[in-house]
Amino acid sequence: MDASRQAERLGDMLCEVGESPVWHPAEQALYWTDIPARRLWRYHPSSGQARQWALPEMAGCIAMRGDGWLAAMESGLYALPALAPGQPAPAATLLARATHAEPAMRFNDGRCDRQGRFWAGTMALDMARGRDSGRLYRYAGGRLDAPLPLALVVPNGMAFSPDGRTMYLSDSHPDRQTVWAFDYDVDAGLPHRRRVFIDRLPAGRPDGAAVDQDGCYWICGNDAGVVYRYTPDGRLDRSLPLPVAKPAMCAFGGPGLDTLFITSIRPPAAADDALDGAVLALRPGTRGLEEPAYLD
C-alpha cells in the first residue's frame with residue numbers, strides 16, 4: 001500500500017468507544033465523542049492540542065449547530081454551546097425528548113442531511129439481546145419525529161450523497177450487517193424506495209461511514225480492521241487496512257478535506273500497547289465534503 005495511505009495515530013488519546021468524528025472547518029479541529037465515557041473530544045492537528053469535556057449523558061453522535069453543537073444523547077437531543085480550550089464542562093440544554101420503545105436506550109449514529117435536517121437512530125443499551133427496538137428519528141424545525149416504519153437493532157452508517165438525493169443507512173448488529181440505500185426527497189426531507197446497497201462486507205460488520213466528493217461510500221469494517229470504499233453503484237473498489245481491530249466511524253477533514261479521520265473502539269482485553277481506541281488519520285487519495293450543520 002502507498003505510504004501516504006497508511007494510517008497514523010493522532011495524539012495519545014484512547015477512547016472506549018470513539019464515535020461521530022466531525023471536522024469543524026472554522027476551527028480546523030476534529031471533534032468526536034467517547035460514548036460510554038460520556039466525553040466530548042476536540043483535537044487541533046496543527047498544534048497537537050487535545051481537549052475533552054464531560055457530558056451529562058452518553059452521546060452517540062454530534063452535529064454543528066450555529067456557534068455550538070447538537071448532541072444526540074440518551075434521553076433526547078441537546079444543545080451545547082461553543083467550546084473553547086480551558087472551558088469547563090458545557091451546560092447541555094434539552095431541545096427534544098425521545099420517546100423510546102423501551103427503557104435503557106440511547107441514540108447512536110447520525111448526522112445532518114445536505115439541507116441541515118438532523119437524522120439519528122436509537123438502540124437498546126444491551127446490544128447483545130438483539131432487540132429491534134431502535135428507530136430512526138428526524139429533527140427539523142425544532143420538531144423530533146420518527147417518520148419511517150423501520151425497526152433497527154444498531155442503526156449505523158448514516159450518510160448522504162453529494163447531491164443529497166441518496167441516503168445510506170446500515171444495521172451493524174451481527175444478525176443483520178446490511179447497508180441500505182434510499183432515494184431521498186430533498187424538499188420533503190423523507191427517504192423512500194429502500195434497497196440493499198451492501199448485503200455483507202467482505203469482512204467485519206458495517207459501522208460508521210462517510211461520502212467523498214465522487215459520491216463513493218466509505219464504511220468502517222468493525223472487527224476487521226479495515227475501511228472500505230464502495231462506488232455509488234455498490235462496487236467495492238478499495239480496502240485500506242488499519243492498525244485497530246474495531247474502527248467505528250470515519251469523516252473527511254483537514255485544510256483540503258483530503259484526510260480521512262477514523263475513530264475506534266478499545267475492547268476491555270486490549271493489550272497495553274495496542275492502538276485500539278485511538279483516533280487515526282490517513283490520506284486516501286480523494287477529498288470529502290464539508291459536514292452540514294443543523295439549520296433551525
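Residues numbered from 1 in each chain as written. Predicted model: local features only at pLDDT ≥ 70, side-chain atom pairs only at ≥ 80, totals over all residues. Heavy atoms only, no water.

## A look at the overall build of the chain
To keep things clear, this is the line we draw: In DSSP terms, a helix is any run of H or I states spanning at least four residues, a strand is any run of E spanning at least two, and both are numbered starting from the N terminus. Our radius of gyration looks at C-alpha atoms and nothing else; its globule reference is 2.2 Å times the residue count to the power 0.38. Throughout this description, buried means an accessible area under 20% of the type-specific maximum (1.4 Å probe, protein chains only), exposed means over 50%, and partly exposed covers the range between. Contacts: residue pairs with any heavy atoms within 4.5 Å of one another. For the accessible areas, the method is Shrake-Rupley and the probe is 1.4 Å, while residue cover comes only from the protein chains on display.
The secondary structure content of the chain amounts to zero helices and 24 strands. Scaling as 2.2 N^0.38, a compact globule of 296 residues should have a C-alpha radius of gyration of about 19 Å, and the chain matches this with 17 Å. Overall size of the chain, expressed as C-alpha extent along the three principal axes, is 45 × 45 × 35 Å. A total of 296 residues make up the chain; the buried ones form 57% of that total. Taking all contacts inside the chain whose residues are at least 6 apart in sequence as the whole, residues at least 24 apart take part in 46%. Working note: accessible area of the chain is about 11600 Å², and carbon and sulfur atoms make up 47% of it.

## Points about the side chain of T33
For the record, the criterion: Two N or O atoms form a polar contact when they lie within 3.5 Å of each other; inside protein one atom must be a possible hydrogen donor and the other a possible acceptor, and for residues adjacent in sequence the pair counts only when both atoms belong to side chains.
For T33, the location among the structural elements is in strand β3 (residues 29–34). By relative accessible area, T33 is classed as buried at 0%. Here the side chain of T33 touches A59 through a polar contact of 3.1 Å, landing on its backbone oxygen. If sequence neighbours within four positions are ignored, T33 has contacts with V17, G18, E19, S20, R39, L40, A59, G60 and I62.

## Notes on the UniProt feature "domain: SMP-30/Gluconolactonase/LRE-like region" (unreviewed entry) in the chain
To keep it simple, the criterion reads: UniProt positions are given in the numbering used here, feature names are shortened, and annotations may be inferred rather than shown by experiment.
Under the feature "domain: SMP-30/Gluconolactonase/LRE-like region" (unreviewed entry), the UniProt entry names residues 17–265. Secondary structure content for residues 17–265 is 0% helix and 54% strand, while the C-alpha to C-alpha distance between its ends is 4 Å.

## With respect to the sheet that holds strand β9 (residues 93–97)
Test applied: Any two strands with at least two DSSP bridges between them are considered paired. Throughout, an axis means a line fitted to C-alpha atoms (over the contacting stretch in the case of helices), and angles, computed between N-to-C directions, take values from 0 to 180 degrees.
Pairing is antiparallel across the open sheet formed by four strands, whose spatial order is β6-β7-β8-β9. Since the sheet does not close on itself, it has two edges, and those belong to β6 (61–65) and β9, each with one partner. Direction aside, the axes of adjacent strands within the sheet are offset by 25° on average. In this sheet, β9 lies alongside strand β8 (residues 76–80) in antiparallel orientation, the contact comprising four bridges. Across the sheet, residue L77 finds its bridge partner in β9, namely A96.

## Some thoughts on the pattern of salt bridges
Defined as follows: For this analysis, a salt bridge means a side-chain nitrogen from Lys or Arg found within 4 Å of a carboxyl oxygen belonging to Asp or Glu.
Across all of its chains, the model carries 18 salt bridges by this definition. Measuring nitrogen to oxygen at the nearest pair gives 3.6 Å for the salt bridge that ties R176 to D132. Note that R176 is positioned in the loop between β15 (166–171) and β16 (178–185) and D132 in the loop between β11 (118–124) and β12 (136–140), a separation of 44 residues in sequence. With relative accessibility at 26%, the residue R176 sits in the partly exposed group. Among the salt bridges present, the one from R205 reaches D223, with a minimum N-O distance of 3.1 Å. In this pair, R205 sits in strand β18 (residues 205–211) while D223 sits in the loop between β19 (217–222) and β20 (226–230), placing the two residues 18 residues apart along the sequence. Using a relative accessible area of 11% as the deciding quantity, one classes R205 as buried.

## Remarks on the sheet that holds β19
Strands sit in the order β18-β19-β20-β21 across an open sheet of four strands; the sheet is antiparallel. On the outer flanks of this sheet lie β18 and β21 (236–241), each paired with one strand and no other. Each neighbouring strand pair of the sheet contributes to a mean axis angle of 25°, computed without reference to strand direction.

## Describing the environment of T99
For T99, the location among the structural elements is in the loop between β9 and β10 (105–112). Residues T99 and A270 lie 171 residues apart in sequence; the distance between their C-alpha atoms is 36 Å.

## Describing the packing of aromatic side chains
Basically, it comes down to this: Each aromatic pair joins two rings of Phe, Tyr and Trp (for Trp, the six-membered one) with centres within 6.5 Å, and gets the label stacked for planes under 30 degrees apart, edge-to-face for over 60, and tilted for any other angle.
Inspection of the entire model under this criterion finds 13 aromatic pairs. Aromatic side chains F160 and Y184 sit 5.2 Å apart centroid to centroid with 70° between the ring planes, which places their arrangement in the edge-to-face category. Of this pair, F160 sits in strand β14 (residues 155–160) while Y184 is found in strand β16, placing the two residues 24 residues apart along the sequence. Summarising the burial analysis for this pair, F160 and Y184 share the class buried. Both rings, one in F197 and one in Y217, keep their centres 5.8 Å apart while their planes meet at 90°; by these two values the pair is edge-to-face. Here F197, found in strand β17 (residues 190–198), pairs with Y217, found in strand β19; they are 20 residues apart in sequence, far enough to count as distant. For F197, a relative accessible area of 13% puts it in the buried group.

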